[in-house]
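Architecture at a glance
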Amino acid sequence: MFDTLDEEGFILNAAYIEDYAGKHLQNNIMISPKGISYLHENSTIQKVKKSIKGISDIVGNINPL
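The structure presented is a predicted model; accordingly, all values stated were derived computationally and were not measured.

Cut-off values and rules
Residues numbered from 1 in each chain as written. Predicted model: local features only at pLDDT ≥ 70, side-chain atom pairs only at ≥ 80, totals over all residues. Heavy atoms only, no water. Helix = DSSP H or I, 4+ residues; strand = E, 2+ residues; numbered from the N terminus. Buried < 20%, exposed > 50% of the residue type's maximum accessible area, 1.4 Å probe, protein only. Contact = heavy atoms within 4.5 Å. Areas by Shrake-Rupley, 256 points an atom, 1.4 Å probe, with all protein chains shown as cover. Phe/Tyr/Trp six-rings, centres within 6.5 Å; stacked < 30°, edge-to-face > 60°. Lys NZ or Arg CZ within 6 Å of the ring centre and 35° of its normal.

With that settled, the discussion passes to the overall build of the protein chain. Helix and strand counts for the protein chain come out as two helices and two strands. For the protein chain, the proportion of its 65 residues judged to be buried stands at 8%. Counted over contacts in the protein chain with a minimum sequence separation of 6, partners at least 24 positions apart contribute 17%. Surface exposure of the protein chain reaches about 5600 Å², of which carbon and sulfur atoms provide 61%.

Written as structure tokens, this is what we have:
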């Protein structure tokens with residue numbers, strides 16, 4: 001997962017180091033501007049989906065006269 005985030009440019013520092021004992025997560029991982037933008041856009045999309053779902057629930061329960 002961290003490899004993909006790094007390859008896509010969503011994080012700035014190397015996510016982990018690898019040695020003879022395996023991979024170890026770094027404690028200084030930083031999110032990049034591209035990563036911040038993605039999170040912002042993604043959370044906005046989620047809010048829109050919830051709003052649309054709420055509206056469709058309300059409108060769907062209204063019967064025409």
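There's more to say after this.
With that settled, consider the side chain of Ser 32. Here Ser 32 is to be found in the loop between β2 (22-25) and α2 (33-60). If we ignore the near neighbours within four places in the chain, the residues touching Ser 32 are Gly 9, Phe 10, Ile 11 and Leu 12.

Now for the packing of aromatic side chains. Evaluated as defined, the whole model comprises one aromatic pair. Between Phe 10 and Tyr 38, the ring centres sit 5.2 Å apart and the planes meet at 40°, which makes this aromatic pair tilted. Residue Phe 10 is located in the loop between α1 (2-7) and β1 (16-19), and its partner Tyr 38 is located in helix α2; the two are separated by 28 residues in the primary sequence. Relative accessible area serves as the criterion here: at 43%, Tyr 38 is assigned to the partly exposed category. For the cation-ring pair, Lys 34 lies above Phe 10, with the distance from its terminal atom to the ring centre recorded as 5.3 Å.

So, on to the environment of Asn 28. Examined against the element boundaries, Asn 28 turns out to sit in the loop between β2 and α2. Distance from Asn 28 to Leu 12, taken between C-alpha atoms, is 9.4 Å for residues 16 residues apart in sequence.

For the rest of this paragraph, the subject is the environment of Gly 9. One can find Gly 9 in the loop between α1 and β1. Taking C-alpha positions, Gly 9 is 8.8 Å from Ile 31, a pair spaced 22 residues apart along the chain. Excluding residues within four positions of it along the chain, Gly 9 makes contact with Ser 32, Lys 34 and Gly 35.

Shape descriptors only; they carry no functional weight alone.
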